[in-house]
Amino acid sequence: MSTSLSNEQLNQIANEYGTPVYVYHAEKITEQFGKLKQAFHQCPTRFFYASKALTNINILKHIRSLGCNIDCSSINEVKLALHAGFDRENVLYTSNGIAFSEIEEAVTLGVNVNIDSLSNLEKFGKKYGHSYPVGIRLRPNIMAGGNLKISTGHEKSKFGIPIEQLDQILALVEKENLFIAGLHIHTGSEIKDVEVFMKVADIFFDLVPHFPELCFLDLGGGFKVPYKEGETGTDVPLLGQKVAEVLNRLKQTYQREFEAWFEPGKFLVSECGYFITEVNVMKQNGNTVFAGVNSGFNHLIRPMFYEAYHRIENISNPDAPRHPYTVVGNICETDTFATDRPISEVREGDRLVFYNAGAYGFEMGSNYNSRFRPAQVLVINGQSHLIGRRDTFEDLLRNQVEVL
Ligand code: LLP
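Note that this is a predicted model, so its numbers are computed, not measured.

Draft legend 1. Representation of the overall build of the chain in the model. Within the chain, the regular secondary structure consists of 12 helices and 18 strands. Taken against the 2.2 N^0.38 rule, which gives 22 Å for 404 residues, the C-alpha radius of gyration of the chain at 23 Å falls within 12% of a compact globule. Structurally, the chain occupies a C-alpha span of about 65 × 55 × 40 Å along its principal axes. Buried positions account for 55% of the 404 residues belonging to the chain. Of the contacts made within the chain by residues no fewer than 6 positions apart, 69% connect residues no fewer than 24 positions apart. As displayed, the chain offers around 17,800 Å² of accessible surface, 49% of which is attributable to carbon and sulfur atoms.

In structure tokens form, the structure reads like this:
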């Protein structure tokens with residue numbers, strides 16, 4: 001049985017901490033990491049948690065305690081990772097479109113770096129030559145992922161160095177005597193199809209002879225997790241088996257050993273998260289019944305930004321018959337979470353829970369409409385802890401400079 005929090009536990013937390021509130025279940029993260037380790041036990045693999053999904057320092061510390069490494073997308077995430085106690089060799093900075101000064105800072109901090117532009121690669125070569133190993137992020141021209149906004153490997157994507165520029169990469173590597181320790185390809189988020197990862201592996205296979213010092217092949221993140229009832233995610237055991245096969249083939253073909261690196265975000269933290277809201281207003285409009293909750297895209301933007309589906313349940317009235325509701329927020333914009341969604345009878349004051357709220361939920365939140373960002377609670381060993389307090393009015397003014 002999969003690890004989850006019961007309605008009773010969620011109601012207790014809402015009673016104690018108020019709503020809206022994000023709740024994270026540490027043991028679910030542990031379970032997900034266990035699935036990865038089990039699936040890849042037959043091949044040398046390193047997992048780097050894509051911390052952009054959720055950076056609360058307690059989550060980072062929990063993930064470190066599991067023996068997982070960490071992937072960062074900004075220098076501040078690198079600093080948070082180090083603050084959480086990760087050793088620098090277990091920190092990866094996969095940069096994109098950043099100023100070279102940030103890469104210099106990452107080198108000073110001693111973390112692993114993947115570079116995604118020819119211009120930064122050239123600056124890197126000029127400054128560090130062969131003295132600091134570096135990975136190259138490539139763009140493979142593969143369309144994959146759950147939505148165009150979260151597809152990063154296609155031919156119109158800004159990410160990575162286009163693979164057709166391989167000649168220029170190789171010329172640079174030679175000219176600056178670069179130490180290329182890894183190749184990196186992340187094609188997108190919510191990739192169900194194992195074959196997509198295998199296409200990437202094939203690309204790596206052909207590239208290996210060009211880079212004699214390679215040690216890792218980084219296939220990025222993007223494992224799909226189920227969001228809808230009955231949906232299945234990426235077949236991780238199958239992926240583990242196929243990656244092991246590729247690494248073996250590489251060994252046989254080139255007499256060299258490689259590590260596979262992965263950067264899972266959603267896989268580790270999506271399902272651990274619950275977002276509890278409360279219904280402020282019920283409104284009948286023709287055939288539509290609106291359930292207006294005390295939240296909006298300021299707290300959970302995924303439905304509006306990516307048309308993402310989040311399961312919603314009424315934990316105040318779970319056994320009542322289901323009716324279709326259009327769940328909306330209280331932001332002064334159209335902020336529809338779900339349209340005509342069957343939910344057990346909803347009344348004002350009821351609590352609606354959004355599932356799969358751990359990844360890119362709180363993290364993409366804002367203070368739009370001068371609303372407070374929600375509290376965050378961690379459940380670990382059966383105990384709940386406040387790990388992020390709800391904003392207060394002072395927070396809204398904190399960085400403002402009153403000159404008038
Ligand atoms: N590695 C790199 C280089 C990435 O850009 C990403 C995600 C990941 C790993 C982790 O991907 P994951 O395993 O979480 O799918 N905010 C969007 C997702 C954006 C993903 C950005 N990059 C969403 O809520 O769907």
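Draft legend 2. Structural view of the site of the ligand. Close contacts around the ligand come from 19 residues, with Ser 189, Glu 263, Lys 266, Arg 302 and Tyr 360 the closest. One nitrogen or oxygen atom from the side chain of Lys 266 is found 2.6 Å from an oxygen atom belonging to the ligand. About the coverage of the ligand: the protein hides 92% of its 580 Å² of free accessible area. In terms of residue class, the shell around the ligand is made up of 6 nonpolar, 7 polar and 6 charged.

Draft legend 3. Fine view of the nonpolar core. With 107 residues, the main nonpolar core has Tyr 49, Phe 124, Leu 183, Phe 211, Phe 262 and Val 269 as its most contacted residues. No other element matches helix α8 (residues 194-207), which puts 9 residues into this core. In contact with Val 269, not counting residues within four places along its chain, are Ile 29, Tyr 49, Ala 53, Leu 54, Ile 59, Ile 63, Gly 358 and Ala 359. Listed in part, the 15 residues of the second largest apolar core include Ala 14, Val 21, Val 353 and Val 377.

Draft legend 4. Focus on the pattern of salt bridges. Taken as a whole, this structure holds 20 salt bridges when the rule is applied. We note a salt bridge from Lys 251 to Glu 257, for which the minimum N-O separation is 3.5 Å. Given a relative accessible area of 56%, Glu 257 falls into the exposed group.

Draft legend 5. Looking closely at helix α6 (residues 118-128). Burial in α6 covers these residues: Leu 118, Asn 120, Leu 121, Phe 124, Gly 125 and Tyr 128. Taken end-on, α6 shows its buried residues confined to a sector of 160 degrees, consistent with a single buried face. Of the surrounding secondary structure, the elements contacted by the buried residues of α6 are α5 (100-109), β5 (112-115), β6 (134-139), β7 (161-162) and α7 (166-176). Phi turns positive, to about 50 degrees, at Gly 129, one or two residues after α6.

Draft legend 6. Quick look at the packing of aromatic side chains. Enumeration according to the criterion identifies 22 aromatic pairs in this entry. Their ring planes at 45 degrees and their centres at 5.5 Å tell us that Phe 205 and Tyr 254 sit as a pair that is tilted. One end of the pair, Phe 205, is in helix α8; the other, Tyr 254, is in helix α9 (residues 236-254), and 49 residues separate them in sequence. When its relative accessible area of 13% is taken as the criterion, Phe 205 is described as buried. Between the NZ or CZ atom of Arg 311 and the centre of the ring of Tyr 355, over which it lies, the distance is 4.0 Å.

Draft legend 7. Representation of the environment of Thr 30. Position of Thr 30 among the secondary structure elements: in helix α2 (residues 26-39). Along the chain, Thr 30 and Val 113 lie 83 residues apart, while their C-alpha atoms are 26 Å from each other. Not counting chain neighbours up to four residues away, the residues in contact with Thr 30 comprise His 62 and Leu 66.

Draft legend 8. Focus on the packing of α6 against α7. Put simply, α6 and α7 touch, their axes get as near as 9 Å, and they point 10 degrees apart. In terms of orientation, α6 lies roughly parallel with respect to α7. Along the contact surface, α6 presents Leu 118, Leu 121, Glu 122, Gly 125 and Lys 126, while α7 presents Gln 168, Ile 169, Leu 172, Lys 175 and Glu 176. Of the residues that constitute the contact of α6 with α7, the class distribution is 4 nonpolar, 2 polar and 4 charged.

Draft legend 9. Representation of the environment of Leu 207 within the structure. With respect to the element layout, Leu 207 can be found in helix α8. In sequence terms Leu 207 and Pro 133 are 74 residues apart; their C-alpha atoms lie 17 Å from each other. What Leu 207 contacts, discounting residues up to four positions off in sequence, is Leu 138, Ile 163, Leu 166 and Leu 183.

Draft legend 10. Structural detail: unusual backbone geometry. A cis amide bond, omega -5 degrees, links Thr 19 with the succeeding residue Pro 20. The residue Asn 356 is not glycine, and still its phi comes out positive at about 55 degrees. As for its placement among the helices and strands, Asn 356 is situated in the loop between β16 (351-354) and β17 (375-380). The backbone of Ser 370 shows a phi angle near 50 degrees, a positive value even though the residue is not glycine. Here Ser 370 falls in the exposed class, since its relative accessible area comes to 53%.

Draft legend 11. Spotlight on the state of the cysteines. Counted according to the given criterion, the structure contains 0 disulfides. Of all cysteine sulfurs, the one in Cys 68 lies closest to Cys 72, which takes part in no disulfide; the gap is 11 Å. Using a relative accessible area of 0% as the deciding quantity, one classes Cys 72 as buried. Unpaired in terms of disulfides, Cys 272 finds its nearest cysteine sulfur in Cys 68, a separation of 13 Å.

The rules behind the values
Residues numbered from 1 in each chain as written. Predicted model: local features only at pLDDT ≥ 70, side-chain atom pairs only at ≥ 80, totals over all residues. Heavy atoms only, no water. Helix = DSSP H or I, 4+ residues; strand = E, 2+ residues; numbered from the N terminus. Rg over C-alpha atoms; globule rule 2.2 N^0.38 Å. Buried < 20%, exposed > 50% of the residue type's maximum accessible area, 1.4 Å probe, protein only. Contact = heavy atoms within 4.5 Å. Areas by Shrake-Rupley, 256 points an atom, 1.4 Å probe, with all protein chains shown as cover. Near = heavy atom within 4 Å. Polar contact = N/O pair within 3.5 Å; in protein donor to acceptor, adjacent residues only side chain to side chain. Nonpolar A, V, L, I, M, F, W, Y, C, P; charged D, E, K, R; others polar. Core = buried A, V, L, I, M, F, W, Y, C linked by side-chain atoms within 4.5 Å. Salt bridge = Lys/Arg side-chain N within 4 Å of Asp/Glu carboxyl O. Arc of directions from axis to C-beta. Phe/Tyr/Trp six-rings, centres within 6.5 Å; stacked < 30°, edge-to-face > 60°. Lys NZ or Arg CZ within 6 Å of the ring centre and 35° of its normal. Axes fitted to C-alpha atoms, helices over the stretch in contact; angles between N-to-C directions. Parallel < 35°, antiparallel > 145°, perpendicular 65-115°, else oblique. Disulfide = S-S within 2.5 Å.

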